[in-house]
Amino acid sequence: MIKTDTIAAIATAPGMGGIGIIRMSGPEAPEILMRVFKPAGAGSEAPESHKMVYGKLIDGDRTLDECMAVLMRAPRSYTREDVAEIQLHGGNYVIHKALELCLKEGARLAEAGEFTRRAFLNGRVDLSRAEAVMDMISARGEQEHKAAVRQMNGGAASFVRTFSEQLYGLQAGLAACIDYPEEITDEEGAGTLQEGLDKLICGLEAAMDEHASRLIYQGLHVALIGRPNVGKSSLLNALLGEDRAIVTDIPGTTRDTVQGEMMLNGFRVQLTDTAGIRETMDPVEKIGVERSVKARREADASLLIIDGSAPLNEDDRSLLLSFTGEGAVVINKTDLPQKVTEDAVSRIRPDIQCMTVSALDTESLQPLRNYLSGFVSVSDQQAITQPRHLAAVKRALFHLKEARRTIELFTPDVAATDLQAAQEALSEITGDRADEKLLDRVFSQFCVGK
């Protein structure tokens, strides 16, 4: 990547809007700005740094739009380069025309994430904070947003740098006895290596929170299962507050899984309505039943729905007896005369929580919401949750444990390679050691203009 040229991109989302922003970064940003922007009043000099000015977007003698512009001189900018931004009316034509003018005047179209990549390469942010920028943009719930804020405030970086310093200390002692064997004995240089490794391994394992990571970045997956016509689709629609699934009185209406998403405690909860599970000769319905079983197996929790207005039949009993894993039984249709009670269910499966609801009564769903809320709670303590960071920590732990086993079987110097590999894995989180391949992988997930 050429890092000395000037890049430009549309920084606002596609489509019509109140404002559209063109962003430029690089040494020619001020000059290009003044070739496409004419400040109001006399004079044509570049505006004072960090001062928003009013003017017009121009193409030669032609005025294209009234706009505002700001110039942010290096190093007091997002990229630590000269940055210029033009704020226009957010119409498709004018915003793309403005970008076209900037490119015609010498800027290059920015690649995905290139502004933030430059911020990283110029030392304004470490790699974990750079990733937090995109996490902030893509956050779909309160908990994802909170995780991004923690990351931007140095959450992962603070953990990793602490552990890295400890690991550097262990490596330094080991290097001393390897390089100066006559002056420094193994006991002097690496006598505390095992103890230090044990402490480091325990610390890294405690810092990881894979459960929180899954909830934050993937959400909770809940499958609604049961025999046909027990009200699974109605219950899905009621929980979502929208008509997501088709509802009829005809058994077997749902032939495939139907998904919808709701928010609980700031977490995303993915609900999957499944085809009714029963013995069938219909080849299409049979495929739906197989997918229902698969959805149940892959879900974090399952809700076994039973029609409370009809007596328990063999399909209900079979599902109750085979029900395993996390989940609860939900007796639906309490708005109708009841023929199934919680006691009746408990006599078959006393180990499963049971509750009664009506998909037609929103208030009756609150106990079910409260139950699901119990699955979406995480600790408020700082932890490593970002998926790429977790993968790097796991690699570091693998090498640290290998080093720990090695020094029990051989001399300490044999562990040096694994210690270095562990150090490199941790350094990938902050970007202290990051090759182009890693940076390409990280920044390819960004949107253009950020």
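A word on the overall build of the chain
Then comes step 1: A count of helices and strands for the chain gives 17 helices and 13 strands.
Then comes step 2: Among the 450 residues that make up the chain, the fraction classed as buried is 50%.
Then comes step 3: Sequence separation of 24 or more characterises 66% of the internal contacts of the chain that already satisfy a separation of 6 or more.
Then comes step 4: Summing over all exposed atoms, the chain offers an accessible surface of approximately 22100 Å²; the carbon and sulfur share of this is 51%.

Quick look at the sheet that holds strand E13 (residues 354-356)
Then comes step 1: One open sheet accounts for six strands, arranged E9-E10-E8-E11-E12-E13; its pairing is mixed. Each edge of the sheet is formed by a strand with only one pairing partner; in this case those strands are strand E9 (258-264) and E13. Put simply, the sheet's adjacent strands are angled 25° from each other on average, direction ignored.

Let's talk about unusual backbone geometry
Then comes step 1: Residue Pro-75 follows Ala-74 across a cis peptide bond; omega there is 0°.
Then comes step 2: Along the chain, Pro-75 falls in the loop between strand E5 (62-72) and strand E6 (83-90).
Then comes step 3: The backbone of Asn-229 shows a phi angle near 65°, a positive value even though the residue is not glycine.
Then comes step 4: Secondary-structure assignment places Asn-229 in the loop between strand E8 (220-225) and helix H10 (232-240).
Then comes step 5: Although it is not a glycine, Lys-333 sits at a positive phi angle of roughly 70°.

Some thoughts on the sheet that holds strand E4 (residues 53-59)
Then comes step 1: Strands sit in the order E3-E4-E5-E6-E2-E1-E7 across an open sheet of seven strands; the sheet is mixed. With partners counted over all chains shown, the strands left at the sheet margins are strand E3 (37-39) and strand E7 (108-109), one partner each.
Then comes step 2: Strands strand E2 (17-25), E3, E4, E5 and E6 of the sheet are contacted by helix H1 (residues 29-36), whose axis makes an angle of about 75° with E3.
Then comes step 3: Along the sheet, helix H3 (residues 114-121) contacts strand E1 (7-10), E2 and E7; its crossing angle with E1, the most-contacted strand, is approximately 135°.

Examining a nonpolar patch on the surface
Then comes step 1: Nonpolar side chains collect at one region of the surface, where Met-52, Tyr-54 and Met-68 lie side by side and expose about 250 Å² of accessible area between them.
Then comes step 2: If you trace the backbone, Met-52 turns up in the loop between E3 and E4.
Then comes step 3: The class for Met-52 is partly exposed, based on a relative accessible area of 36%.

Considerations on the confidence of the model for the chain
Should the pLDDT be low somewhere, the predicted coordinates at that spot are not to be read in detail.
Then comes step 1: In this model, the chain carries a mean pLDDT of 84, and residues with pLDDT of at least 70 account for 87%.
Then comes step 2: Here residues 250-255 is modelled with pLDDT under 50, and outside its nearest four sequence neighbours on either side it reaches 20 contacts, counting other chains as well.

Focus: the packing of helix H4 (residues 127-138) against helix H5 (residues 142-152)
Then comes step 1: Look at H4 against H5: their axes get within 8 Å of each other, and the N-to-C directions meet at 155°. One element, H4, and the other, H5, form an angle in the roughly antiparallel class. Here H4 runs over H5; the crossing is left-handed. Between H4 and H5, the residues in contact are Ser-128, Arg-129, Ala-132, Val-133, Asp-135, Met-136 and Ser-138 and Glu-144, His-145, Ala-148, Val-149, Gln-151 and Met-152, respectively.

Here we look at the side chain of Thr-272
Then comes step 1: Within the secondary structure layout, Thr-272 lies in strand E10 (residues 267-273).
Then comes step 2: Residue classification places Thr-272 among the buried residues on the basis of a relative accessible area of 7%.

What about the pattern of salt bridges?
Then comes step 1: According to the stated counting rule, one finds 29 salt bridges in the structure shown.
Then comes step 2: Measuring nitrogen to oxygen at the nearest pair gives 2.6 Å for the salt bridge that ties Arg-388 to Glu-131. Of this pair, Arg-388 sits in helix H15 (residues 387-409) while Glu-131 is found in helix H4, placing the two residues 257 residues apart along the sequence.
Then comes step 3: A relative accessible area of 15% places Arg-388 in the buried class.
Then comes step 4: Across the pair Glu-142 and Lys-146 runs a salt bridge whose closest N-O atoms are separated by 3.3 Å. Separated by four residues within a single helix, Glu-142 and Lys-146 lie in helix H5, roughly one turn from each other.
Then comes step 5: Since its relative accessible area comes to 37%, Lys-146 is described here as partly exposed.
Then comes step 6: Through salt bridges with shared partners, a single ionic network connects Asp-5, Glu-81, Arg-108, Glu-114 and Arg-118.

Criteria and thresholds
Residues numbered from 1 in each chain as written. Predicted model: local features only at pLDDT ≥ 70, side-chain atom pairs only at ≥ 80, totals over all residues. Heavy atoms only, no water. Helix = DSSP H or I, 4+ residues; strand = E, 2+ residues; numbered from the N terminus. Buried < 20%, exposed > 50% of the residue type's maximum accessible area, 1.4 Å probe, protein only. Contact = heavy atoms within 4.5 Å. Areas by Shrake-Rupley, 256 points an atom, 1.4 Å probe, with all protein chains shown as cover. Pairing = 2+ DSSP bridges. Axes fitted to C-alpha atoms, helices over the stretch in contact; angles between N-to-C directions. Patch = residues over 30% accessible without salt bridge, like charges linked within 9 Å, V, L, I, M, F, W, Y side chains within 5 Å. Salt bridge = Lys/Arg side-chain N within 4 Å of Asp/Glu carboxyl O. pLDDT = per-residue confidence, 0-100. Parallel < 35°, antiparallel > 145°, perpendicular 65-115°, else oblique. Left-handed = near helix turned anticlockwise from the far one by under 90°.

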